[in-house]
Amino acid sequence: MVRTRFAPSPTGYLHIGGLRTALYAYLFAKKNGGKFILRIEDTDQTREKEGAVDVIIKALDKAGIRYDEGPIVGGDYGPYVQSERKQIYLDYAQKLLESGDAYCCFCTKERLADLHEHGATKYDKKCLHMSKSEVQERIARGEPYVIRQNIPEHGSSTYHDEVFGDVTVDFSDLEDNILIKSDGMPTYNFANVIDDHLMGITHCIRGVEYLMSTPKYNLLYDALGWERPVYIHLQPIMRDATHKLSKRDGDAGFEDFLNKGFLPQAIVNYIALLGWNPKNNREKLDMDELIELFSIDGLQKSSSIFDEVKMRWLNSLYIKELSPMDFHDMAMPYYEKLYAGRDIDYAYLSELLQSRVEILSDIKERAAFLDAFDGNAEKPFDFTLFVNKKWKTDEAMAKQMMDGCIAATKSDDISAALNSLAEANGLKKGQVLWIYRIALTGAAATPGGGEEMVKLFGKDEALRRLEKVKRALA
Ligand code: GLU
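These numbers were taken from a predicted model, which means no experiment stands behind them.

Thresholds, definitions, all that
- Positions within a chain are numbered from 1, following the residues in the order the chain's sequence is written.
- Given that the model is predicted, a residue must reach a pLDDT of at least 70 before its local features are reported, and side-chain atom pairs must reach 80 or more before they are shown or counted; all residues, however, enter totals for whole chains, interfaces and linings.
- The side-chain quantities take in all heavy atoms of the structure and omit both hydrogens and water.
- A pair is scored as a salt bridge if a Lys or Arg side-chain nitrogen falls within 4 Å of a carboxyl oxygen belonging to Asp or Glu.
- Exposure classes here rest on a 1.4 Å probe applied to the protein chains alone. A residue is buried below 20% of its type maximum, exposed above 50%, and partly exposed in between.
- A run of H or I in DSSP becomes a helix once it reaches four residues, and a run of E becomes a strand once it reaches two; helices and strands are each numbered from the N terminus.
- Here a residue is considered near a molecule or strand provided that any single heavy atom belonging to it is located within 4 Å of it.
- As used in this structure description, the phrase polar contact means that two N or O atoms lie within 3.5 Å; if the pair is within protein, one of them must be able to donate a hydrogen and the other to accept it, and residues adjacent in sequence are counted only when both atoms belong to side chains.
- Using a 1.4 Å probe, the Shrake-Rupley method yields the accessible areas, and only the shown protein chains count as cover for residues.
- The residue classification treats Ala, Val, Leu, Ile, Met, Phe, Trp, Tyr, Cys and Pro as nonpolar and Asp, Glu, Lys and Arg as charged. All others, Gly included, are polar.
- Note on pairing: DSSP must find at least two bridges between two strands before they are called paired.
- To define axes, lines are fitted to C-alpha atoms, for helices over the stretch in contact only, and angles between the resulting N-to-C directions are given on a 0 to 180 degree scale.
- For the purposes of this analysis, a disulfide is any pair of cysteine sulfur atoms at a distance within 2.5 Å.
- Two residues qualify as a contact provided that any one of their heavy atoms is within 4.5 Å of a heavy atom in the partner residue.
- Classification of ring pairs rests on two measures: the distance between centres of Phe, Tyr or Trp rings, Trp counted by its six-membered ring, which must be within 6.5 Å, and the angle between planes, read as stacked under 30 degrees, edge-to-face over 60 and tilted in between.
- Crossover handedness is defined by viewing with both strands directed away from the observer: a clockwise path from the first strand over the helix to the second marks the crossover as right-handed.
- Left-handed describes a crossing whose near helix is turned anticlockwise from the far helix by less than a right angle; the clockwise case is right-handed.

## Thoughts on the pattern of salt bridges
And step 1. Tallying each qualifying case throughout the model produces 30 salt bridges.
And step 2. In this structure, Arg141 engages Glu137 in a salt bridge whose closest nitrogen and oxygen atoms are separated by 3.8 Å.
And step 3. According to the relative accessible area criterion, Glu137 is partly exposed, its value standing at 48%.
And step 4. The partner of Asp297 in a salt bridge is Lys279, with the nearest N and O atoms 3.6 Å apart. Pair noted here: Asp297 is in the loop between helix H10 (287–293) and strand S11 (304–305) and Lys279 is in the loop between helix H9 (264–273) and H10, with a separation of 18 residues, a long-range link.
And step 5. Its relative accessible area of 58% is what places Asp297 among the exposed residues.
And step 6. Among the ionic contacts, a cluster of salt bridges with common partners joins Arg5, Arg39, Glu41, Arg85, Asp195 and Asp196.

## Some thoughts on the site of the ligand
And step 1. Taken together, Arg5, Ala7, Ser9, Glu41, Tyr188, Arg206 and Tyr210 form the complete shell of residues around the ligand.
And step 2. Here a nitrogen atom of the ligand and a backbone polar atom of Ala7 are 2.7 Å apart.
And step 3. When isolated, the ligand has an accessible area of 300 Å², and the protein chains bury 82% of it.
And step 4. For the shell around the ligand, the class distribution of residues is 3 nonpolar, 1 polar and 3 charged.

## Re the sheet that holds strand S7 (residues 178–180)
And step 1. Taken together, the 3 strands give an open sheet; going across it, the order is S3-S4-S7, and neighbouring strands pair in antiparallel fashion. On the outer flanks of this sheet lie strand S3 (102–105) and S7, each paired with one strand and no other. The mean inter-strand angle of the sheet, taken between neighbouring strand axes irrespective of direction, is 45°.
And step 2. As defined by bridge partners, S3 adjoins strand S4 (residues 146–149) across 4 bridges and the pair is classed as antiparallel. Along S4, the bridge assignment pairs Cys104 with Ile147.

## Concerning the state of the cysteines
And step 1. A full pass over the atoms with the stated rule returns 0 disulfides.
And step 2. For Cys127, which is in no disulfide, the shortest distance to another cysteine sulfur is to Cys107 and amounts to 3.6 Å.

## Some details on the environment of Glu143
And step 1. One can find Glu143 in the loop between helix H5 (132–140) and S4.
And step 2. A C-alpha to C-alpha distance of 22 Å links Glu143 and Phe190, two positions 47 residues apart in sequence.
And step 3. Among the polar contacts listed, one links the side chain of Glu143 to the side chain of Arg138, at a separation of 3.0 Å.
And step 4. A distance of 3.0 Å separates a polar atom in the side chain of Glu143 from a polar atom in the side chain of Arg141.

## Points about helix H13 (residues 346–353)
Two residues of an α-helix separated by three or four positions point the same way, owing to the 3.6 residues in each turn.
And step 1. Along H13, 6 of the 8 residues are buried, which leaves the element largely enclosed by surrounding structure.
And step 2. If you check which residues of H13 are buried, you get Tyr346, Tyr348, Leu349, Ser350, Leu352 and Leu353.
And step 3. Among the structural elements, helix H12 (324–339), helix H14 (363–366) and helix H18 (450–457) are those in contact with the buried residues of H13.

## Considerations on the pairing of strand S5 (residues 156–161)
And step 1. Residues of S5 alternate between two faces, with Ser157, Tyr159 and Asp161 buried on one and Ser156, Thr158 and His160 left unburied on the opposite face.
And step 2. Note that S5 and strand S6 (residues 165–170) share 6 bridges and pair antiparallel. Residue pairing in the sheet places Asp161 in a bridge with Gly165 of S6.
And step 3. Linking two consecutive strands that pair antiparallel, namely S5 and S6, is a turn of 3 residues.

## Details of the side chain of Ser246
And step 1. Here Ser246 lies in the loop between strand S10 (237–238) and helix H8 (254–259).
And step 2. Assessed through its relative accessible area of 17%, Ser246 is described here as buried.
And step 3. If we skip the residues at most four places from it in the chain, Ser246 touches His15 and Ala252.

## Observations regarding the side chain of Glu461
And step 1. Note on placement: Glu461 falls in helix H19 (residues 459–473).
And step 2. By relative accessible area, Glu461 is classed as buried at 14%.

## Describing the packing of aromatic side chains
And step 1. Tallying each qualifying case throughout the model produces 15 aromatic pairs.
And step 2. Ring plane angle 80° and centroid distance 6.1 Å describe the contact between Tyr188 and Tyr217, whose orientation is recorded as edge-to-face. Of this pair, Tyr188 sits in helix H6 (residues 188–198) while Tyr217 sits in helix H7 (residues 214–223), and the two are 29 residues apart along the sequence. The same class applies to Tyr188 and to Tyr217, which are both buried.
And step 3. For the ring pair Phe257 and Phe306, a centre distance of 5.3 Å and an interplane angle of 40° mean the geometry is tilted. Of the two residues, Phe257 is situated in helix H8 and Phe306 in the loop between S11 and helix H11 (308–320); the sequence distance between them amounts to 49 residues. There is no split in this pair, since Phe257 and Phe306 are both buried.
And step 4. Members of the aromatic cluster, connected to one another through ring pairs, are Phe257, Phe262, Tyr270 and Phe306.

## Let's talk about H7
And step 1. By the criterion of burial, H7 is predominantly enclosed, with 7 of the 10 residues buried.
And step 2. Restricting attention to buried positions, one finds in H7 the residues Thr214, Pro215, Lys216, Tyr217, Asn218, Leu220 and Tyr221.

## Some words on the pairing of strand S9 (residues 230–234)
And step 1. Counting buried positions along S9 gives 4 out of 5 residues, so the element sits mostly inside the fold.
And step 2. Note that the unit made of strand S8 (residues 203–207), H7 and S9 has a crossover that is right-handed.

## Points about the packing of helix H16 (residues 414–424) against helix H17 (residues 429–441)
And step 1. Where H16 meets H17, the closest approach of the two axes is 8 Å, and the angle between their N-to-C directions is 120°. Every pair of crossing elements has a handedness; the one defined by H16 and H17 is right-handed. On H17, the residues touching Ile414, Ser415, Leu418, Asn419, Leu421 and Ala422 of H16 are Lys429, Val432, Leu433 and Tyr436.
And step 2. Counted by class, the contact of H16 with H17 contains 7 nonpolar, 2 polar and 1 charged residues.

## Some words on unusual backbone geometry
And step 1. Along the chain, Gly78 connects to Pro79 via a cis peptide bond; the corresponding omega equals -5°.
And step 2. Here Pro79 shows up in the loop between helix H2 (52–63) and helix H3 (86–99).
And step 3. Positioned with a positive phi, Asn281 is a non-glycine residue whose angle comes to about 65°.
And step 4. The residue Asn281 is located in the loop between H9 and H10 in this model.
And step 5. Assessed through its relative accessible area of 79%, Asn281 is described here as exposed.

Below you can see the structure in the form of structure tokens.
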């Protein structure tokens, strides 16, 4: 059975690239009737943040990526948090010490720094040659030490990656990296191998930064007599041709995009296509369709550039297909923040806005007309708005139209009344509509025309506004 995992470190933040790795691992497992596992890699205690595991769990939940095994839900291969597996790693490190595939290293920070200063690019295996009795003595004396992997000095190793093909690395380019730190905690380099094996991971899907160190991990699989997983390394998401999308740009986090008013389904849909090609030219795909279509051979070898404009477009499709009620519920917190205490027909405003915003935070701009002029407070009305080159309208024409606009507003069929008004004055309907809408709102851009605005404000308020403009123009 296919088993994949997502193995984030709890940094308090889920990068959109991490979310995509999780998504691909999930899609691959589900496509193949397998299981998707969440494993928390928290062995670097200095990086850990309070509540950071929660951030990951909540993000996956919002994204609709459901894990079959992991923290909280448990499973047969737990615990799923690495800091709770310390003894397991120590036991396997012991085996590697016995077989000579690892060794204890007592070198001090000073010695290592000195090595580097003298041009060494990697550890010189000094402690590999220490006698067993000396090692035991120094441990007994309580000297701090680490356990290092003993990597052959010569030769090379080739393995197959499903995206990158055959990858060959010379052992001379690899360092005897630390497996167990002096605090007894494993490093990623060790824990990933132990856990992927013990958790029955069949396909290891992760970032390309591990592509060249995978031969080190393969040596560990071999030393322990374990079968290696299938490797699938993924290219990063880029901000532009040379920079990765990074946290420092302020918007590389899943939460950042949710806060901007993107819908989780749209983000998932967009990032799925950022690095994977479904080969059917479709761009809007829900989770079930993604599972159905997902395949490793659609994964791209080159990195992809994040395009927020495109994600906005995709988001607008998801917003359009929300039920009016759902859209209204999502828009409400924005209204509350923008228009607290004002008498606005929010339900109708939602009707007007749903097809006109790409992301929820567009509401602020699309509904800015509400702040342009309210017919009541002392907000200066911008009369230059009556000047429209295309329609050849101006303030004088507006002045002449105001009584007609007021009468039309009072009638039962505003549209017909505005038609007659245009005819009676030898004007085009567009000219009258322009003047009418500007007089009602004092804004150049509104969602919908004058009639919609009357519906939104109510007739009384609409008339108050028109009267005010009429007085100002007189
Ligand atoms: N904890 C590693 C990371 O966050 C996971 C890499 C992997 O998936 O093996 O980069």
